[in-house]
Structure formats: C-alpha cells, structure tokens
Amino acid sequence: MKRFLVFCSIIVVVVALGYTVVFFLKDTEKLSVASTLYQMNVGETNSLEWKLEKAKASTKVSYEIDDESKSVIQLDEKTREMKALKGGVATIKIVTSNSNISEAVVEIHVGDGSKDYPYYIRNAGDLASIGSTTVSQGNINPFRVEDSYMLTSDISLSGTWVPIKGSFTGTLYGEGHTISGMTIENNGENAGLFESIGVGGCVQYVNFDGANVTGSYSNAGIVTGSNSGEIKNVHIINSSIT
C-alpha cells in the first residue's frame, strides 16, 4: 500500500512539473495591427501601425511587398511611413522570425480620382476640397470636378456650406452614407451641395439629413441648383428650401 501511495505521489509531482514547464515555455508573443485596411489618396502619407506584444529580443519583424504593391505604396520600413504613389490596391504582409506567430496582412486602397479608384471622401474637409486644389503633406492634389469620389463614412457638416463651384461632371459614390447638417445661407445663381451638375456628372446612393437652403437664388436644391447629369438613389429627410 505504501509503495502504491509513493508511486501516486511521484506521478502527481511529475504531472505538476510538466504543467509548470509548459506554462513557462508557452509562447506569449502576439502580433497585432491597428487596422487591416487603409484608405488613402494619391500623395498622402500614413503610418503603418502594428505592435508585437510581449516581444522577445530575438524576434525580428520584416515586411513582404510584391512589385505591384510597391508601385502603389512606398513604405519606409524604419519609420513605418507609407506614401501613396498611384491609384490601386497594395498588400503588405507583416511577418516575424517566430514561426508560431501568424503573419498580419494589411491592404491599402489608394484613390486617384478615376472610376476604378475614386478619391476617398472621409470627412467634411475632404468633401469641401472637391473642385479645388489641396496641399497634403507637401503634395499638391487637384480634386477636379471631373474626377470620381467615394464617401467612406457619414459626414456631419457644421457652419455654412459653400456650394462646390463649377459644373460637376464626375461621379460621387455615396455608398449609402449620410451627409447631415448642410446649411446654405447666401444669395447667388445656384445653390446645393454642388452649384451645378453637368452632362456626364452623377451623384448616387447618398442620403441627406437636416439640410437647409435659405436665400435668394436663381436655382436651388439640396443636391444641386442645376442638373444636366444624373441623380439616383438619393434620399432626403428633415430638410427644407426657403
């Protein structure tokens, strides 16, 4: 009986030691990224954000970028700064020397104003830049009225909106997002988000909420004051023209 108890005790100790060894040897390193998708416009820069948690001094991090991606995005591996070179989609793989850590795959979509790769409109500032020339990180970006644009999120406008000047002949893809709080208070020829939509211009799949146009205009609307193009799948609520 004593031998049996001794044997059982040995088994318990061995099992306990085994769990202790596994616990201390368990790989706790983890690679995480802030985002797996970046949306940028040509000429812009952004930082590739990633973190190696509980990193070991021996673990190295590197990047895998194919030639096509290199033509779209320039990556400074030391600073992690990305620069958008041309319209397209780039893929960056973040890999480590630890085979137990899964690689992280990040996609960067770059807009250049074409129909295939429209400029990304992410906020009120981007929206107001349509039809003008902007300077971003020292790069001159002409957001022309003949270019294509895509909303990436709902946009809330504050203050008084100045209608986008010129005849818009490009395309605005709303992607179902909502522009809210547009207020126009002025006098002029045409009033709306756009002064005018010309032949070939198109605004689609966008919603307006709380838009108010007041003043003396020859032509006034929520989307545009004058339309020779196409407006489709646009929904307007809680808005007025007086």
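Our subject is the structure listed above.
So, a few notes on the structure that sits alongside this text. Quick caveat, the model's predicted, so the values are computed rather than measured. Within any chain, residue numbers begin from 1 and follow the written order of that chain's sequence. Under the rules for a predicted model, residues below a pLDDT of 70 receive no local features and side-chain atom pairs below 80 are neither given nor counted, while totals for whole chains, interfaces and linings still include all residues. Only heavy atoms go into the side-chain values, all of them from the structure, while hydrogens and water stay out.

### Some words on the overall build of the protein chain
- Think of it this way: any DSSP run of H or I at least four residues long counts as a helix, any run of E at least two long counts as a strand, and we number them from the N terminus. Within the protein chain, the regular secondary structure consists of 3 helices and 26 strands.
- Per-residue accessibility, obtained with a 1.4 Å probe over protein chains only, is compared with the maximum for each type, and a residue is labelled buried under 20%, exposed over 50%, and partly exposed between these values. For the protein chain, with 242 residues in total, the buried portion stands at 38%.
- Look at the contacts in the protein chain between residues 6 or more apart in sequence, and 67% of them connect residues 24 or more apart. In this description, contact between two residues means that some pair of their heavy atoms is separated by no more than 4.5 Å.

### What about the sheet that holds strand β2 (residues 37-41)?
- If you walk across this open sheet you meet the 4 strands as β2-β9-β8-β5, and the pairing is mixed. Here the strands that pair on one side only, and so sit at the sheet edges, are β2 and β5 (61-65). Put simply, the sheet's adjacent strands are angled 25° from each other on average, direction ignored.
- Of the pairings in the sheet, the one linking β5 to strand β8 (residues 88-96) comprises 5 bridges and is antiparallel in character. Of the residues in β8, the one forming a bridge with I65 is I92. We call two strands paired when DSSP finds no fewer than two bridges between them. Fitted lines through C-alpha atoms give the axes, limited to the stretch in contact for helices. The angle between two N-to-C directions lies from 0 to 180 degrees.

### Side note on the environment of M40
- Within the secondary structure layout, M40 lies in strand β2.
- A sequence separation of 79 residues divides M40 from Y119, and the C-alpha atoms of the two residues are 8.0 Å apart.
- Setting aside residues no more than four positions away along its own chain, M40 makes contact with T45, N46, I73, M82, A84, I108, H109, V110, G111, Y120 and R122.

### Brief notes about the packing of aromatic side chains
- Two rings belonging to Phe, Tyr or Trp (six-membered ring only in the last case) form a pair when the distance between their centres is within 6.5 Å. Interplanar angles under 30 degrees mark stacking, angles over 60 mark edge-to-face geometry, and anything in between is tilted. Going through the model one piece at a time under the given rule, you end up with 5 aromatic pairs.
- Here Y119 and F143 contribute two aromatic rings whose centre-to-centre distance is 4.4 Å and whose plane-to-plane angle is 25°, an arrangement assigned as stacked. In this pair, Y119 sits in strand β10 (residues 119-121) while F143 sits in strand β12 (residues 139-143), placing the two residues 24 residues apart along the sequence. No difference in accessibility class separates Y119 from F143, as the two residues are buried.
- On the numbers, 5.7 Å between centres and 35° between planes, the contact of Y119 with Y149 is tilted. Here Y119, found in strand β10, pairs with Y149, found in strand β13 (residues 148-151); they are 30 residues apart in sequence, far enough to count as distant.

### Points about the pairing of strand β6 (residues 73-76)
- Covered by surrounding structure in β6 are I73 and L75 only, the residues Q74 and D76 on the alternate face being uncovered.
- Direction of pairing for β6 relative to strand β7 (residues 81-84): antiparallel, over a ladder of 4 bridges. The partner of D76 across the bridge, within β7, is E81.
- Counting the residues that bridge the hairpin from β6 to β7 gives 4 residues, and of these R80 lies at a positive phi of roughly 70°.

### Overview of the sheet that holds strand β20 (residues 194-197)
- Judged by pairing direction, the sheet is parallel, and its 3 strands sit side by side in the order β15-β20-β24 without closing on themselves. Either end of the sheet is taken by a strand with one partner, and the two such strands are β15 (164-168) and β24 (224-227). Shown here is a sheet whose adjacent strand axes are inclined to one another by a mean of 10°, direction ignored.
- Sheet topology note: the β15/β20 ladder contains 3 bridges and is parallel. Paired with S167 across the bridge in β20 is S196.

### Description of the pattern of salt bridges
- Just to be clear on terms, a salt bridge is a Lys or Arg side-chain nitrogen sitting within 4 Å of an Asp or Glu carboxyl oxygen. Tallied over the entire structure, the rule returns 7 salt bridges.
- Salt-bridge contacts for E195 lead to K165; the nearest nitrogen and oxygen are separated by 3.8 Å. Of this pair, E195 sits in strand β20 while K165 sits in strand β15, and the two are 30 residues apart along the sequence.
- Among the ionic pairs, K232 bridges to E230, the shortest N-O distance being 4.0 Å.
- Each of E44, R122 and D126 takes part in one network of salt bridges that share partners.

### Digging into the side chain of S196
- Within the element layout of this structure, S196 appears in strand β20.
- Judged by relative accessible area, S196 falls into the buried class, the value being 15%.
- Dropping the residues within four chain positions of it, S196 is found in contact with G166, S167, F168, T224 and S226.

### Observations concerning the nonpolar core
- The term nonpolar core refers to a set of buried residues drawn from Ala, Val, Leu, Ile, Met, Phe, Trp, Tyr and Cys, joined through side-chain atoms within 4.5 Å. Formed by 29 residues in total, the largest nonpolar core has its most connected members in L127, L193 and F194.
- For this core, the secondary-structure elements that each account for two or more residues are β10, β13, β15, β20 and β21 (202-209).
- Ranked by the residues each element gives to this core, the list is headed by β21, at 3 residues.
- Excluding residues that lie within four positions of it along the chain, L193 makes contacts with L127, W161, P163, I164, L172, I179, M182, I184, F208, I222, V223 and T224.

Any link to function would need more than the numbers given here.
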